[in-house]
Number of protein chains: 2
Amino acid sequence: MAILVVGSVAFDSIETPYGKVGHCLGGAATHFALAASYFTEVRVIAVVGEDFLPKHEAVFTSRGIDTRGIERAPGLSFHWTGAYADNLSEAKTLGTDLNVFERFEPKVPEAYLDSEYLFLANIDPALQTRVRTQMQDVRMVCGDTMNYWIMGHAANLAKVLRELDVLLINDGEVRLLSGEQNAVVGAEKVLGMGPKALVVKHGEYGATAFFSQRMFADARTPRPFRAPALPLAEVVDPTGAGDSFAGGFYGYLASQPVLTPAVFRRAMFYGGVMGSFAVERFGTERLQGATWEEIEARFELFREISHLDDAEV
Amino acid sequence: MAILVVGSVAFDSIETPYGKVGHCLGGAATHFALAASYFTEVRVIAVVGEDFLPKHEAVFTSRGIDTRGIERAPGLSFHWTGAYADNLSEAKTLGTDLNVFERFEPKVPEAYLDSEYLFLANIDPALQTRVRTQMQDVRMVCGDTMNYWIMGHAANLAKVLRELDVLLINDGEVRLLSGEQNAVVGAEKVLGMGPKALVVKHGEYGATAFFSQRMFADARTPRPFRAPALPLAEVVDPTGAGDSFAGGFYGYLASQPVLTPAVFRRAMFYGGVMGSFAVERFGTERLQGATWEEIEARFELFREISHLDDAEV
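Counting restarts for each chain: residues are numbered from 1 in the order of the written sequence. Chains and ligands are labelled sequentially in the order written, the chains with letters from A and the ligands with numbers from 1. Totals for whole chains, interfaces and linings use all residues, but because this is a predicted model, local features are given only for residues with pLDDT of at least 70 and pairs of side-chain atoms are given and counted only at 80 or more. The side-chain values count all of the structure's non-hydrogen atoms but skip hydrogen atoms and water molecules.

K.L.:
Looking at this structure, how should I read the overall build of chain A?
P.N.:
On a plain count of helices and strands, chain A comes out with eleven helices and 13 strands. The atom set for the radius of gyration is the C-alpha atoms, and the globule formula is 2.2 Å times the number of residues raised to the power 0.38. The C-alpha atoms of chain A give a radius of gyration of 18 Å, which matches the 20 Å a tight globule of 313 residues would have. Its C-alpha atoms give chain A principal-axis dimensions of roughly 60 × 40 × 35 Å. Three labels apply to residues, based on accessible area from a 1.4 Å probe with only protein chains included: buried if under 20% of the type maximum, exposed if over 50%, partly exposed otherwise in between. Across the 313 residues that make up chain A, the buried fraction comes to 60%. In what follows, a contact means two residues having at least one pair of non-hydrogen atoms within 4.5 Å. For chain A, contacts bridging at least 24 residues in sequence account for 65% of all contacts bridging at least 6. Exposure was quantified through the Shrake-Rupley algorithm and a 1.4 Å probe, taking into account, for residues, occlusion by the shown protein chains and nothing else. By element, 50% of the accessible surface of chain A is carried by carbon and sulfur atoms, the whole surface being about 12400 Å². Positive charge is attributed to Lys and Arg, negative charge to Asp and Glu, and no charge count is given to His or to the chain ends. To locate a charge, the coordinates of NZ of Lys, CZ of Arg, CG of Asp or CD of Glu are taken. The centroid of the 28 positive side-chain charges in chain A is displaced by 5 Å from the centroid of its 40 negative side-chain charges. Secondary structure follows DSSP: runs of H or I at least 4 residues long count as helices, runs of E at least 2 residues long count as strands, and numbering of each begins at the N terminus.

Here is the structure:
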């Protein structure tokens, strides 16, 4: 079933210990859409400037992603400049040029209205709400946010949280949003703000899902679930890893007829798989060129590195 | 089969956001021995002072731990004072009184010479080597170390590493020992220093094992294995969590007739289980009072929070 994603389509200039790229295609909606496109139909709502060329659009369309909701505006696209220190764990933002994003008013094209799954990538919660309001009949809503909105736009964010089935954020964002240092206590607090499930991303350590009793109506509330990340010898560029995780996670969910705890767990693994591809190359290169065979092989690798496998003793 | 552990039996004064305790029984060998005692016979080599009373010895003997190798010396026992900040992730050492440990010369009692498994807890690598030299015929040697020895006693530590089957250290220690920021590259370098396997402890995120081809002679070299940690709502005192992990891990290994990759993976889970008990109370309280039923139930919980369980869809 189709996923509609609203978020940034942007250009990134990135420096890591492994190299440097200028003005490569990026943005949360881009990474998300590419990762999800391996699992299901994806439609994008975003705004780009005059520097978004046919070759950039082809990155989406060659993966079958619907770009009719990508609006063109005069001026330049959103541009992020960042650098990673040695351990690659945290980006230092050197520049954020909002450009055309500054006056973005997302509109859902007619052709997108029948999308069953909605993903609100990390943008101004006021914009997230605007899209959510236009998509009342979706089957599921999943979203992301970041420190900037948690600190400065709490009231608007609170509205978004009340509408979410699943919130995907990282450890630091859970601490900031909940005001709690303990991960479990913090997760409980966040679930109390609206989301039926919370997926906490731990970077190189994987991710943990926490569930409220509202998540699976017919089943008992599952325990937290912890999915691994792949220990990788070469992490070239972590930009977009979290968005790629979200794309793999939500893409798999949307591809399944019924949402069960077991489907949710496998979705967490597919999230990790797509995140592990994303970081192997700069920008979107690796996510453009993955094959289904590679994805399934890596899913099996994730199982192998985390399962006891009692059959073989 | 019997494990011989050499390391500190000490007193800790600890402050965490959950409370404060003064002079409670601690030390790496203590936590290790208690955790391992649920799986196999354990013998301890350490030195204590006049403040080590019969009630302290009873903590060991009531769990069936052999204390004949705990030497008494005039003066006070090793005493560590530390505090944890809000996130409980790192201890701040406020005081280290070596006391009787300063002139410790470990001697292996005659009755311990037939121990099949040796654990060199975190102490001066010169002392680790002294014990290792007296125990040439053991089946397996496993050890721990810390930043202090990595930085200031590199030559002595290198000797110890060459003698190890398994080294258990944390992320920061791997980075310091290898000089590498990437976890996989760092692990490869550490394996090149001697250990046949490396278990990297990630605190609340679990642990990852890396294997050299020398680890399982008859099998292909296993992929890394990642074991989860339990998301706990109440972490009262993290002191000794790593030593308890090591005790559960090594205790289970020593209880099994043959070492296979599957046994190693289960040992990682039992390590996590014992670590998760340790942090629930101050000092050794929780490790003294666990039951086998609790341990097995928690092992199943670790499986549940990490396994896809494809049978149920």
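K.L.:
How should I be thinking about the packing of aromatic side chains in this particular structure?
P.N.:
Centre-to-centre distance and the angle between the planes together describe a pair of aromatic rings. The criterion for an aromatic pair is that two Phe, Tyr or Trp rings (for Trp, the six-membered ring) have centres within 6.5 Å, with stacked assigned to planes under 30 degrees apart, edge-to-face to planes over 60 apart and tilted to the rest. Following the criterion strictly, the structure yields 45 aromatic pairs over all chains and no others. Seen from their ring centres, A:Phe225 and A:Phe269 are 6.1 Å apart, and the 35° between their planes marks the pair as tilted. Taken together, the residues span a long stretch of sequence, with A:Phe225 in strand β13 (residues 225-227) and A:Phe269 in helix α9 (residues 261-278) at a distance of 44 residues. For the pair A:Phe225 and A:Phe269, one class covers both residues: buried. Ring centres of A:Phe269 and A:Phe302 lie 6.3 Å apart, and the angle between their planes is 65°; on these two criteria the pair is classed as edge-to-face. With A:Phe269 in helix α9 and A:Phe302 in helix α11 (residues 292-304), this pair connects stretches of sequence that are 33 residues apart. Members of the aromatic cluster, joined through ring pairs, are A:Phe39, A:Phe225, A:Tyr252, A:Phe269, A:Tyr270, A:Trp292, A:Phe299 and A:Phe302. Lying across the ring of B:Tyr38, B:Arg63 places its NZ or CZ 3.6 Å from the centre. In this scheme, the term charge over a ring applies when either NZ of a lysine or CZ of an arginine sits within 6 Å of the ring centre and within 35 degrees of the ring normal. B:Arg265 extends its terminal NZ or CZ atom over the ring of B:Phe225, reaching a point 5.9 Å from the ring centre.

K.L.:
How do you make sense of empty space enclosed by the protein when you look at a structure like this?
P.N.:
Cavity means a closed set of points on a 1 Å grid over the protein atoms alone, one where a 1.4 Å probe fits but cannot get out, pocket means an open set with protein on both sides within 12 Å along at least 5 of 7 lines, and lining means a residue has an atom within 4 Å of a point. Grid points are joined across faces, edges and corners, and a volume is the space filled by probe spheres set on the points. Scanning all chains against the criterion turns up two cavities of 30 Å³ or more. Contributing to the lining of the largest cavity are 13 residues, with A:Glu204, B:Asp171, B:Val174, B:Ala183 and B:Val200 lying nearest its centre. With three residues, the top contributor of residues to the lining of the largest cavity is helix α6 (residues 171-178) of chain B. Its residues assigned to classes, the lining of the largest cavity shows five nonpolar, three polar and five charged. Approximately 80 Å³ is the volume found for the second largest cavity. The wall of the second largest cavity is formed by A:Tyr205, A:Arg226, A:Ala227, A:Pro228, A:Ser306, B:Tyr205, B:Arg226, B:Ala227, B:Pro228 and B:Ser306. Elements with a minimum of two residues in the lining of the second largest cavity: β13 of chain A together with β13 (225-227) of chain B. Residues are sorted three ways: Asp, Glu, Lys and Arg are charged, Ala, Val, Leu, Ile, Met, Phe, Trp, Tyr, Cys and Pro are nonpolar, and all the rest, Gly among them, are polar.

K.L.:
Could you clarify how one ought to interpret the interface of chain A and chain B in this entry?
P.N.:
For interface size, the figure often reported is the accessible area lost on association. Counting residues at the interface gives 43 residues for chain A, matched by 43 residues for chain B. The buried area of a pairing is the accessible area, by a 1.4 Å probe, that goes missing from both parts when the two are put together, added over both. Carbon and sulfur atoms make up 53% of the surface buried where chain A meets chain B, a total of about 3900 Å² over both sides. The three residues of chain A that bury the most area against chain B are A:Tyr205, A:Arg226 and A:Leu308, which together make up 22% of that side's buried surface. Every case where a carboxyl oxygen of Asp or Glu lies within 4 Å of a side-chain nitrogen of Lys or Arg is listed as a salt bridge. Here chain A is connected to chain B by four salt bridges. Identification of polar contacts relies on pairs of N or O atoms within 3.5 Å, with a donor-acceptor requirement for protein atoms, meaning one able to donate a hydrogen and the other able to accept it, and with residues adjacent in sequence counted only if both atoms are side-chain atoms. Seen at the junction of chain A and chain B, the total is 19 residue pairs in polar contact (both at pLDDT 80 or more). Mapped onto the side of chain A that touches chain B, the elements with two or more residues apiece are α7 (183-191), β12 (207-211), β13, α9 and α11 of chain A.

K.L.:
Please clarify how the sheet that holds strand β7 (residues 91-97) of chain B should be interpreted in this entry.
P.N.:
For sheets, the rule is that strands pair by backbone hydrogen bonds, running either parallel or antiparallel. Residues and elements named next belong to chain B. DSSP-based pairing: two strands are paired if at least 2 bridges between them are found. The strand order across the open sheet built from four strands is β3-β2-β6-β7, with neighbouring strands paired in mixed fashion. Here the strands that pair on one side only, and so sit at the sheet edges, are β3 (19-26) and β7. Across the sheet, the mean angle separating the axes of adjacent strands is 15° when strand polarity is ignored. Pairing between strand β2 (residues 10-16) and β3: six bridges, direction antiparallel. Each axis is a line fitted through C-alpha atoms, and for a helix only the stretch in contact is used; angles between axes span 0 to 180 degrees, taken between their N-to-C directions.

K.L.:
Help me out: how do you make sense of helix α6 (residues 171-178) of chain A in this one?
P.N.:
Since the α-helix packs 3.6 residues into each turn, any two residues three or four apart lie on the same face. Residues and elements named next belong to chain A. Turning to α6, its buried residues number three or more, namely Asp171, Glu173, Val174, Leu177 and Ser178. Seen along its axis, α6 keeps its buried residues to an arc of 165°; they face one direction. Residue Asn170 occupies the N-cap position of α6, its side-chain oxygen lying 3.1 Å from the main-chain nitrogen of Gly172. Gly179, located one to two residues past α6, shows a positive phi value of around 70°. Note that the arc is computed from the directions linking the helix axis to the C-beta atoms.

K.L.:
Where do I start with unusual backbone geometry in this structure?
P.N.:
Most peptide bonds are trans, and most residues other than glycine sit at a negative phi. Residue and element names in this part refer to chain B. Unusually for a residue other than glycine, His23 sits at a positive phi of about 55°. Within the secondary structure layout, His23 lies in strand β3. A positive phi is found at Asn99, a non-glycine position, where the angle reads about 50°. Its location among the elements puts Asn99 in the loop between β7 and β8 (117-120). Relative accessible area serves as the criterion here: at 28%, Asn99 is assigned to the partly exposed category.

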